[in-house]
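Geometric and topological summary
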Amino acid sequence: MTHKTLKPSGLDRRDFLRSSAAIGALYLAGLPAFAQGGTEVTIADIGVGDPGGDWSRFSDATGNSVNMVSIGNAPAAIINQLLAGGGLQTFDIVNIVGGMQKPLAEAELIQKIDRSKLPNLKTNTYIDTYLAKGTPGFDFIGFDGELYGVPTVLQADSFAYLPDETGELDSYGALFDPKFRGYVSIEDNYTTAGQKTALYLKANGLAEIADPSDMTEGELKTVIDFLIEKKKEGQFRVIWSSFEQAVNLLVSKEVHVMDCWEPMVFVANSQGANVRYAAPREGYLMWAMAAYIVNNPERSAEQTEAAYSLLNFMLGPWYGAKITGLRGYMTNPTAPQFAKDNGDLFSAEDASKIAAIDSGVQERFAVGGTWQNRWPTNVDLYEEEWQRFKAS
């Protein structure tokens, strides 16, 4: 995939903003009135931040274009991409699961967020509710008390299953149940599959684990030993590593129970499958997306302004409603009402769906579980132990 960043074309912003139609477009998109035009913003995304390929509302309002490219979600891979893969010079924004501020900020790979450039932050009450300073949620967007990540979505994950093959399921125990042996898949990611396993073992009294999100050496070894035992028994058909692979496994019915992200369920069902996302009695893996501004010292002020304009758009009502409907994520509190009020953009059925998803994710957060930890205290040990699991 080609990565490129274009310099501003010189479009006169003042002339553009003189148009009342442009002002209306800015309001609709949720953009600040100082957006700079004529620049391409390159955003690296893990596959869930794309509003169906339609960035026209952002482009029409600002004159800027969006170049979305793919990036992996594994912590080490992200750092390597920025350091050695050219991402520092190529990407303006990296939109990934948050919690990566510590290593990225300490390596000076990302910039602190200037709140004054993001008017839509002021209307996002979900930040105070779920991501406030002093709470586990803040670890997904902040570091040393400073904001580094823009929270574009919030979610609470579990696992998917095919009810026609398995019946109703309400526990992570389904991932390890012998009756589904050979029809289970888990993600190649210790911060998801590993942490859900720890939550399952702790909640069911099968292991002494103080905090599934930040395990000691002994606790982690217990979890990995358990997974290795299940792997050797043939429990896991495959360890999936890409969005498309996971969807195909569900649609083909090659896998009946899968540790995965909810958008995969949406896509699989759109292709004719009957897949459900579980409400496990042990609770959920809670997390937030964070969009980081890459610390490219050669980026112009105009390019940085365009990047902020895109981030503000992604905090806006149209983008939020679109992503909620497409992916099943909670985005921002303005999205459900916007969808309801704009029947020319969202059908009544879609608006109802968006409202239901939004309230449903809030209910999951009320149930609780464990906040995903993308950079645990013993991160090197986590990496080593996960490789031990994969090599077994």
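Keep in mind the model is a prediction, meaning the values are calculated, not measured.

Considering the overall build of the chain
Secondary structure assignment for the chain yields 17 helices and 14 strands. In summary, the chain has a C-alpha radius of gyration of 21 Å against a globular reference of 21 Å for 392 residues, a match within 12%. Dimensions of the chain, computed from the C-alpha atoms along their principal axes, are close to 65 × 45 × 40 Å. Looking at the chain residue by residue over its 392 residues, the buried ones come to 56%. Across the chain, contacts joining residues at least 24 apart in sequence account for 79% of those joining residues at least 6 apart. For the chain, the exposed surface amounts to about 15,800 Å²; the carbon and sulfur share of it is 47%. Within the chain, the 49 negative side-chain charges are centred at a point lying 1 Å from the centre of the 33 positive side-chain charges.

Focus on the pattern of salt bridges
By the definition in use, this model includes 15 salt bridges. For the salt bridge of Arg-57 with Asp-54, the shortest nitrogen-to-oxygen distance reads 3.4 Å. Residue Arg-57 is classed as partly exposed on the basis of its relative accessible area of 21%. With a closest N to O distance of 2.9 Å, Lys-102 and Glu-106 form a salt bridge. In this pair, Lys-102 and Glu-106 are both assigned in helix H6 (residues 101-106), 4 residues apart and thus about one turn of the helix distant.

Points about the nonpolar core
Core analysis: the largest hydrophobic core is formed by 93 residues, its most contacted members being Leu-310 and Phe-365. By residue number, the principal contributor to this core is strand S13 (residues 284-293), which donates 9 residues. Excluding residues within four positions of it along the chain, Leu-310 makes contact with Val-41, Ile-43, Trp-55, Phe-58, Val-66 and Ile-93. Counting residues in each nonpolar core, the second largest holds 33 residues, with Phe-176, Val-184, Ala-207 and Trp-386 among its members.

Here's the deal with unusual backbone geometry
The backbone phi angle of Glu-108 is positive, close to 60°, even though this residue is not glycine. Summarising the element assignment, Glu-108 is placed in the loop between H6 and helix H7 (125-130). The exposed category is assigned to Glu-108, whose relative accessible area is 56%. A positive phi angle, near 65°, is found at Lys-253, a position not held by glycine.

Side note on the environment of Leu-199
Note on placement: Leu-199 falls in helix H9 (residues 190-203). Since its relative accessible area comes to 6%, Leu-199 is described here as buried. In this structure, the C-alpha to C-alpha distance between Leu-199 and Trp-55, residues 144 residues apart in sequence, is 38 Å. Beyond its immediate stretch of four places on either side in the chain, Leu-199 contacts Tyr-172, Pro-212, Glu-282, Gly-283, Tyr-284, Gly-369 and Thr-370.

Observations concerning the sheet that holds strand S8 (residues 159-161)
The sheet built from 5 strands is open, its strands ordered S10-S9-S11-S8-S12 with mixed pairing. On the outer flanks of this sheet lie strand S10 (236-240) and strand S12 (276-277), each paired with one strand and no other. The sheet contact formed by strand S9 (residues 184-187) and strand S11 (residues 257-259) spans 2 bridges and is parallel. If you follow Ser-185 over to S11, its bridge partner there is Met-258. Strand contacts of helix H11 (residues 243-251): S8, S9, S10 and S11, with the helix running at about 150° to S10, the strand carrying the most contacts.

Thoughts on the environment of Glu-363
Inspection of the secondary structure puts Glu-363 in helix H16 (residues 348-367). In this structure, the C-alpha to C-alpha distance between Glu-363 and Ala-156, residues 207 residues apart in sequence, is 9.6 Å.

What to know about the packing of helix H14 (residues 317-327) against H16
Viewed as axis vectors pointing N to C, H14 and H16 meet at an angle of 85°, and their least axial separation amounts to 9 Å. Between H14 and H16, the angle is such that the two are roughly perpendicular. Judged by residue contacts, Ala-321, Thr-324 and Gly-325 of H14 engage Lys-353, Ile-354 and Ile-357 from H16. Tallied by class, the residues present in the contact of H14 with H16 amount to 3 nonpolar, 2 polar and 1 charged.

Rules of the game
- Residues numbered from 1 in each chain as written.
- Predicted model: local features only at pLDDT ≥ 70, side-chain atom pairs only at ≥ 80, totals over all residues.
- Heavy atoms only, no water.
- Helix = DSSP H or I, 4+ residues; strand = E, 2+ residues; numbered from the N terminus.
- Rg over C-alpha atoms; globule rule 2.2 N^0.38 Å.
- Buried < 20%, exposed > 50% of the residue type's maximum accessible area, 1.4 Å probe, protein only.
- Contact = heavy atoms within 4.5 Å.
- Areas by Shrake-Rupley, 256 points an atom, 1.4 Å probe, with all protein chains shown as cover.
- Lys, Arg positive; Asp, Glu negative; His and termini not counted.
- Charge placed at Lys NZ, Arg CZ, Asp CG, Glu CD.
- Salt bridge = Lys/Arg side-chain N within 4 Å of Asp/Glu carboxyl O.
- Core = buried A, V, L, I, M, F, W, Y, C linked by side-chain atoms within 4.5 Å.
- Pairing = 2+ DSSP bridges.
- Axes fitted to C-alpha atoms, helices over the stretch in contact; angles between N-to-C directions.
- Parallel < 35°, antiparallel > 145°, perpendicular 65-115°, else oblique.
- Nonpolar A, V, L, I, M, F, W, Y, C, P; charged D, E, K, R; others polar.

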